[in-house]
Every structure is written in C-alpha cells, then in structure tokens.
Amino acid sequence: MKFSLSLALVALAAVGSAQGPQRCSGMRVRRNAASLSPQDWQSIANVLRQMNDDGAISRFGASHDRLFSRVHGNTCFFPFHRRYVLEFENIARRYDPNFTVPYWDATESFRNPAADPVLSNNGLGGNGGSNDRCLGSGIQSNMQVTYPNNHCLRRSFNQGDSIGAWYAPEIISSYIQSDTSLSTFRENIEYSIHGAVHLGLGGEMDTGYAAQDFSFMVHHANLDRLWWDWQNSHNSFLMYDGTGSNGPASLSDLIPEDSSVPFNGATVESVMGIQNSLGSDVINRFFPGLGRRSGALKRRGSQAQPSNCGEPIPFPPRLTPEWIHMHGYDPERVECAHKNACEIVETLNNSTYTSPY
C-alpha cells in the first residue's frame, strides 16, 4: 500500500484544467515499510549516513528534545510531527531527490513486534548489544551521534530480547471511527500506539532526542497516516480543537520550531490538509465536502496472520510512569485511554468476533 500526501490535489486535478497533472509532478508517495526491498533500505541507509556525517541527524534529535514539552500532550502533536517528518524529507532530498520516509504500520506485527521484518538487519535493525545497547544491525548500524553527547545509537527492547504486544488494528480502527474531535483522537493515539512503539524499542526511542533513530521517522509517518485516515473518515481536514502549544488551539498558530530545524513560520493551517494549497475560506465556500469518504473504513496495510487466527487479542501495554512524567501527561487521562482500549479488547474477545490479525 502507498500513502499519498496529495490525494485531494489529485482529485481536484480531475475537474481542473489540463495543467493539473503537471502541478502534481512533485507529489511524494510514502510506501509501507514492509514493502521495501533490500535495495530500497540500502538507499535509505546511504542517505542517513550522509546526513549524519553532516550533523543533520543529531540536529533533528536536538530540536525535538528542545521542543519536547510544547509538542506533546496537546493538539499540536499531530501538526508538529507532520511538519517535522516533512522537513526531514526535505533535508534528505538534498542527498537523494527521490527520498521519502516510508511508514511503519506497527499493528501489522502487534502480537510479536520483535519479529517484524521491518526490524530485520536489512531494515531498521533489531535490539542493541547486550552490554552497551549500541545498535549493531540495520540501516543505522554502528552509527555515532553527537546529541546530547557523543554516543552510539542505542536500542533496548522493553522485555529483554523481545517486545511486549502492541495495539491491535481493531483498537486503532475504533479510534478512527468513533472519535469525533481531533483532541480526543490525539489523546487516544498519543497515549496508545505512539508511546507503545517508543517504549517497546527503547534506547534512543525512550528519550526526548528519539528522532536520531530513523524508527522515529517511520513511526511518526504512520501516525500521520492514521491522522489522515481520521481526517478523511470525519470530513475534518480543518478541525483543530482543544489546547494547542500556546493555549486554545487555532489554525493560525505557528508550529513550534527550533533554529536547528526551522519551519520558516509555518502555521498549523498550512499542514492541516493534503488540500492545504487552498485557503480555508475557499474550501468552506466551494468545497465544503472535501475529504468526505463513503463506505466502511478499511485499515490499509494490516495483513491477516493465519497462524494467529482465533487467538484472543492481547491486552495493550500501559505507558510507564517515567514516560508519562517525561511528557507531562495527566496520569488520569492516560489511565482513562488505556481503560478504554482494554474495554475494546475485552468486548471483542468475549464476543463471537475472531480477529484475522
């Protein structure tokens, strides 16, 4: 499966002038990481090595760490990370003009994440070494980074040599279909699959400078895809409610940025839609239904696992107290989200439903 950042523009091109296709010539397509060949992964590795040699990898780690408290625990979580991953692509394209960040659908191997082929030696690599937790496999094997000090890139699975079960596709589908506000959807995603993947991989991913591990980028590319699914499902490309990074959320809010990875004053509205070349006034006046989709939602990318057919869905993991404190989350809100996820699992397990995943 491929995820296009410009699907709405393609739709408009179909009813526009003959110049439409030329305007879409720069469209980027993010591929499912599970579909990448060893050659694809090697191309990514080559770019990451060059970026690291030029200090770009550590600059992304530093900027994320410095902005940490402003872009987590509030509705700016989605706009910031959408713009952040896009900027990573922009920098990477200086080395390879065809570079895009693939998305890693972490629900595909949620029962046994450590066995996911994406974590193989050809891909992101597996667990860190037994003593120093340095990553010795994958596209960033033996990489040295400089933030917050000189050290090896680290990976440390949360259950020793394995990773505890993550969130089932059914839970994420429930969030996409039932959450009617972005603030609620953001909480459910941030407190669930977002944290589960970070904590499951550990090491660099369990820090404020997690962006030094490319797992961060493919993970957040997937979270961005889930947001895009939610936007389509609810006809809500311009919904931005709740609390932003500086108070009540507003589309005119500037996305927090750091001098090491500048966004040049980008606003929330500039990333809210794959149709963002149109202003909100134009959309509301001429295309009020833009983004509406009919029919049942389908979780794209998740593949059935015949060997697990009929097995109960495992209950999702809790976020650790340390992770909750690091992000400044409200523990009661986190517990409420976890309780809701467990209720989804318990209801499905106690019914006649059989998970195909």
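Keep in mind the model is a prediction, meaning the values are calculated, not measured.

Visitor: Please give an account of the overall build of the protein chain that cites residues and values.
Guide: The helix and strand tally for the protein chain stands at 11 helices and 6 strands. When burial is assessed residue by residue, the protein chain has 54% of its 357 residues classed as buried. Within the protein chain, counting contacts between residues at least 6 apart in sequence, those at least 24 apart form 74% of the total.

Visitor: With reference to specific residues and values, describe the pattern of salt bridges.
Guide: All chains considered together, the criterion is met by 13 salt bridges. A salt bridge links Asp40 to Arg31; its shortest N-O distance comes to 3.2 Å. Close ionic contact of Arg155 with Asp213 constitutes a salt bridge, the shortest N to O distance being 3.0 Å. Of this pair, Arg155 sits in the loop between strand 4 (151-152) and helix 6 (169-178) while Asp213 sits in the loop between helix 7 (182-201) and helix 8 (214-234), and the two are 58 residues apart along the sequence. For Arg155, a relative accessible area of 0% corresponds to the buried category. On the basis of relative accessibility, which here comes to 0%, the residue Asp213 falls in the buried class. Connected through shared salt-bridge partners, Arg28, Arg30, Arg82, Glu89 and Asp224 make up one network.

Visitor: Would you mind going over the nonpolar core in detail, with residue names and values included?
Guide: Among the nonpolar cores identified, the biggest contains 78 residues, and Phe88, Trp104, Phe185, Phe214 and Met217 are the most heavily contacted of them. Each residue touching Phe214, except ones within four places of it in the same chain, is listed here: Ile44, Leu48, Phe88, Phe99, Val101, Pro102, Leu124, Ile139 and Gln140. Judged by nonpolar contacts, the second largest core, of 8 residues, contains Tyr191, Leu199, Val334 and Ala337.

Visitor: Can you tell me about the environment of Leu124, naming the residues and giving the values?
Guide: Here Leu124 shows up in the loop between helix 5 (77-92) and strand 3 (144-145). The sequence separation of Leu124 and Phe214 amounts to 90 residues, and the corresponding C-alpha distance is 7.4 Å. With sequence-adjacent residues up to four places away left out, Leu124 is seen in contact with Trp41, Trp104, Val118, Leu119, Leu135, Ser137, Gly138, Ile139, Arg155, Phe214, Ser215 and Val218.

Visitor: Just give me the short version of the packing of helix 3 (residues 38-53) against helix 5, but keep the residues and values in it.
Guide: The N-to-C vectors of helix 3 and helix 5 enclose an angle of 90°; their axes lie 10 Å apart at closest approach. In terms of axis orientation, helix 3 runs roughly perpendicular to helix 5. Contact with helix 3, carried on its side by Val47, Leu48 and Met51, involves Phe88, Ile91 and Ala92 of helix 5 and no other residues of that element.

Visitor: Tell me about the packing of helix 5 against helix 8, and please be specific about residues and values.
Guide: It is the contact of helix 5 with helix 8, at a shortest axis distance of 9 Å, that shows an interaxial angle of 130°. By the angle between their directions, the pair helix 5 and helix 8 is classed as oblique. Of the two possible hands of crossing, helix 5 and helix 8 adopt the one that is left-handed. Side by side, helix 5 and helix 8 meet where Phe77, Phe78, Pro79, His81, Arg82, Tyr84, Val85 and Phe88 of the first sit next to Phe214, Phe216, Met217, His220, Ala221, Leu223, Asp224, Trp227, Trp228 and Gln231 of the second.

Visitor: Can you explain the environment of Ser37? Please cite residues and give values.
Guide: The topology assignment puts Ser37 in the loop between strand 2 (29-31) and helix 3. You can call Ser37 partly exposed: its relative accessible area is 25%. When the C-alpha atoms of Ser37 and Asn122 are compared, they prove to be 8.5 Å apart, with 85 residues separating the residues in sequence.

Visitor: Describe helix 4 (residues 56-66), with residues and values.
Guide: Since the α-helix packs 3.6 residues into each turn, any two residues three or four apart lie on the same face. With respect to burial, helix 4 is a largely interior element, 8 of its 11 residues being buried. Within the span of helix 4, buried status applies to Ala56, Ile57, Ser58, Phe60, Gly61, Ala62, Ser63 and His64. At its buried positions, helix 4 is contacted by helix 3, helix 5, strand 3 and helix 8.

Visitor: Tell me what's going on with the packing of aromatic side chains, and back it up with residues and numbers.
Guide: Counted according to the given criterion, the structure contains 15 aromatic pairs. Note on Phe77 and Phe78: the rings are 5.3 Å apart at their centroids and 70° apart in plane angle, and the pair reads as edge-to-face. The exposure class assigned to Phe77 is buried, which follows from its relative accessible area of 1%. Members of the aromatic cluster, each reached through a chain of ring pairs, are Phe60, Phe80, Tyr84, Phe88, Phe99, Phe214, Phe216 and Phe263.

Cut-offs and rules
All residue numbers here refer to positions counted from 1 along the written sequence of the relevant chain. With the structure being a predicted model, the display of local features is reserved for residues of pLDDT at least 70 and the display and counting of side-chain atom pairs for 80 or more, all residues being used for whole-chain, interface and lining totals. Hydrogens and water are ignored here; the side-chain numbers use all heavy atoms of the structure. We count a stretch as a helix when DSSP gives it H or I for four or more residues in a row; a strand needs E for two or more, and each element gets its number in order from the N terminus. Accessible area is worked out with a 1.4 Å probe on protein chains only. A residue is then buried under 20% of its type maximum, exposed over 50%, and partly exposed in between. What makes two residues a contact is simply this: any of their non-hydrogen atoms within 4.5 Å. Between Lys or Arg on one side and Asp or Glu on the other, a salt bridge is scored when a side-chain nitrogen of the former is within 4 Å of a carboxyl oxygen of the latter. Residues belong to one nonpolar core when they are buried, are Ala, Val, Leu, Ile, Met, Phe, Trp, Tyr or Cys, and are joined through side-chain atoms within 4.5 Å. Between the N-to-C directions of two axes lies an angle of 0 to 180 degrees, each axis being a line fitted to C-alpha atoms and, for a helix, fitted only over the stretch in contact. Roughly parallel means an angle under 35 degrees; roughly antiparallel, over 145; roughly perpendicular, 65 to 115; everything else is oblique. Left-handed describes a crossing whose near helix is turned anticlockwise from the far helix through less than a right angle; right-handed describes the clockwise counterpart. Pairing of aromatic rings covers Phe, Tyr and Trp, the last counted by its six-membered ring, and requires centre-to-centre distances within 6.5 Å; plane angles under 30 degrees mean stacked, over 60 mean edge-to-face, and any other angle means tilted.

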